[in-house]
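Tertiary structure, described
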Amino acid sequence: MDDTFTNLYQFSPLKILNHPDRIGDIVNKKDARPVTLEIDLSNACNMDCIWCTYKGKLKGEILIRSLVKKAIIEGRKLGIKSVVFNGGGEPLTSPHLLYAVKLASIEGLKTALITNGSLLDKNKIKDLLLYTEFIRISLDAASEKTFDLIRRPRGGRDGFQCVLENIKKFTEIRRKINSKTEIGIGYLVSHLNIQEIEKAASLARSLGADYIQFRPVCDHEPDFDDTFLKKLSHYMEGAKKYETKKFKVIFLLHRFLQKNEAEKNYSKCLANYLTAVLCADGKVYLCCQHKLNSKFEIGDLRIEHLKSILFGRERKDLIGKIDPENCPICRYDKYNEILNYLNDKKRRHTDFL
């Protein structure tokens, strides 16, 4: 295998520099078209994770097929480049997932899936491998005991061993059909599972995954003190030993450090112009951090078109009112640092490199 799946630039905030036209629109205060559309196909889930961001908000809605089609077709016409199917709930609880993935791909959009990996079979896996750029399976454990403690599967067949078997099927079928889909494993680190980091890296490699990504649980954990960070460093060193040319162990260290930082390094949340979030209730929300929060609702796809929602006054006004200091750690923090720098008309010494 070449280095297609092991180039770590896929996690770099510098990815934003691939879209100078969108950056220019933001800086020049024009209507910036999103790059990525996130679609929650379902607000139902077969697990009850202890740190679920949407606990108490999921009502079991399934995004209807006509809205799936409307979002993808209108999104493509607006210049959206990619679609990520995630949650909300578990995407595979929707009967429309394979339809959505195929349609997005046919329309020329790059597609990806983030899943808990339990509700799969051989046919679904093959279809997904034909139409996606990447698939990431959330695991968060390296033993059945820890998995049951953290992810709390509702059905007996949806447990730890089931997920491992499905990851293995992904990698085996990918090889047989020569798919280029990147397969990764996600691991949210907390005080409950930090001791299994090294074991998880070993397990991920043995299953044939391209990488395992470690990042912190943010909303339901106390700040990471020096003792925790020392443990993290120790386990990280052990996990890194499992890296090969074909398998990478990725720690998003800035996320762990940001959790203890008192202030954001930017004043405006400009990255919101580059994404859009459609939830299973048919409503569009400003960003992934505030799904299903009515204060961040910017439109309803059931009665509006995506263009009027994304380029409407309500979205612009809401972005302008956001105080980043009141937001949790966000995967767009680094994007915002870049955009806020470029948006600063008083920046100095720009021609000295």
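Let us look at the structure shown here. Since the structure is predicted, the reported quantities are computational estimates derived from the model, not experimental observations. (Residues numbered from 1 in each chain as written. Predicted model: local features only at pLDDT ≥ 70, side-chain atom pairs only at ≥ 80, totals over all residues. Heavy atoms only, no water.)

1. Observations regarding the overall build of the protein chain
Looking only at helices and strands, the protein chain features 12 helices and 10 strands. At 20 Å, the protein chain has a C-alpha radius of gyration in line with the 20 Å of a compact globule built from 353 residues. Counting the 353 residues in the protein chain, one finds 54% classified as buried. Accessible surface, the protein chain: about 16,900 Å² in total, of which carbon and sulfur atoms supply 50%. Each charge sign in the protein chain was given a centre, from 60 positive and 46 negative side chains, and these centres are 4 Å apart. (Helix = DSSP H or I, 4+ residues; strand = E, 2+ residues; numbered from the N terminus. Rg over C-alpha atoms; globule rule 2.2 N^0.38 Å. Buried < 20%, exposed > 50% of the residue type's maximum accessible area, 1.4 Å probe, protein only. Areas by Shrake-Rupley, 256 points an atom, 1.4 Å probe, with all protein chains shown as cover. Lys, Arg positive; Asp, Glu negative; His and termini not counted. Charge placed at Lys NZ, Arg CZ, Asp CG, Glu CD.)

2. Topic: helix α1 (residues 20-27)
Taken together, the buried positions of α1 are occupied by Arg22, Ile23, Asp25, Ile26 and Val27. Backbone geometry just downstream of α1 places lysine 29 in the positive-phi region, at approximately 60 degrees.

3. Focus: the nonpolar core
Judged by nonpolar contacts, the single largest core of 100 residues is most densely connected at Ile39, Ile72, Phe85, Phe170, Ile197, Ile212 and Phe214. The contacts of phenylalanine 85, once residues within four sequence positions are left out, are Ile39, Leu41, Ile72, Pro91, Leu97, Ala100, Val101, Ala104, Thr111, Ala112, Leu113 and Ile114. (Core = buried A, V, L, I, M, F, W, Y, C linked by side-chain atoms within 4.5 Å. Contact = heavy atoms within 4.5 Å.)

4. A word on the pattern of salt bridges
Per the counting criterion, the structure on display carries 17 salt bridges. Close ionic contact of arginine 76 with glutamate 107 constitutes a salt bridge, the shortest N to O distance being 2.8 Å. Taken together, the residues arginine 76 in helix α2 (residues 65-78) and glutamate 107 in the loop between α3 (97-106) and β3 (110-115) connect sequence positions 31 residues apart. Of the residues examined, glutamate 107 reaches a relative accessible area of 21% and is grouped as partly exposed. Connected through salt bridges with shared partners, the residues Glu38, Asp40, Lys291 and Arg331 form a single ionic network. (Salt bridge = Lys/Arg side-chain N within 4 Å of Asp/Glu carboxyl O.)

5. Looking at the packing of aromatic side chains
In the structure shown here, the tally under the stated rule is four aromatic pairs. Chaining the aromatic ring pairs together yields one cluster made of Tyr187, Phe214 and Phe251. Its end group placed over the ring of tyrosine 99, arginine 65 keeps NZ or CZ at 3.7 Å from the ring centre. Over the aromatic face of tyrosine 341 sits the side chain of arginine 347, whose NZ or CZ is 5.5 Å from the ring centroid. (Phe/Tyr/Trp six-rings, centres within 6.5 Å; stacked < 30°, edge-to-face > 60°. Lys NZ or Arg CZ within 6 Å of the ring centre and 35° of its normal.)

6. Some details on the packing of α2 against α3
Their axes nearest at 10 Å, the elements α2 and α3 cross at an angle of 20 degrees. Comparing their axes, α3 and α2 come out roughly parallel. Here the hand of the crossing between α2 and α3 comes out right-handed. Touching Arg65, Val68, Lys69, Ile72 and Ile73 of α2 are Tyr99, Ala100, Leu103 and Ala104, all from α3. Of the residues assigned to the contact of α2 with α3, the class counts are seven nonpolar, no polar and two charged. (Axes fitted to C-alpha atoms, helices over the stretch in contact; angles between N-to-C directions. Parallel < 35°, antiparallel > 145°, perpendicular 65-115°, else oblique. Left-handed = near helix turned anticlockwise from the far one by under 90°. Nonpolar A, V, L, I, M, F, W, Y, C, P; charged D, E, K, R; others polar.)

7. Structural notes on helix α12 (residues 333-343)
Those residues of α12 that fall on the buried side of the exposure criterion are Asp333, Tyr335, Asn336, Leu339, Asn340 and Asn343. Within α12, the buried residues cover an arc of 145 degrees as seen down the axis, which keeps them to one side. (Arc of directions from axis to C-beta.)

8. Overview of the state of the cysteines
Cysteine pairs can be covalently joined through their sulfur atoms, and such a bond is termed a disulfide. A complete count under the given rule lists zero disulfides for this structure. Free of any disulfide, cysteine 269 has its nearest cysteine sulfur in cysteine 327, 6.1 Å distant. (Disulfide = S-S within 2.5 Å.)

9. What about a positive patch on the surface?
On the surface, a cluster of positive charge is contributed by Lys122, Lys126, Lys168, Arg175 and Lys176. Looking at the secondary structure, you find lysine 168 in helix α6 (residues 160-177). (Patch = residues over 30% accessible without salt bridge, like charges linked within 9 Å, V, L, I, M, F, W, Y side chains within 5 Å.)

10. Some remarks on the environment of lysine 102
Within the secondary structure, lysine 102 is located in helix α3. With near-sequence residues (within four places) excluded, lysine 102 lies in contact with Asp127 and Tyr131.

11. Focus on the sheet that holds strand β1 (residues 36-40)
Taken in spatial order, the 10 strands of this open sheet run β7-β6-β5-β4-β3-β2-β1-β8-β9-β10, and their pairing is mixed. Because the sheet does not close on itself, it has two edges, and the strands there are β7 (248-251) and β10 (297-300). Strand-to-strand, the axes of this sheet are offset by a mean angle of 20 degrees, without reference to chain direction. Here strand β6 (residues 211-216) runs beside β7; their pairing, made up of four bridges, is parallel. Counted as the bridge partner of glutamine 213 is isoleucine 250 from β7. (Pairing = 2+ DSSP bridges.)

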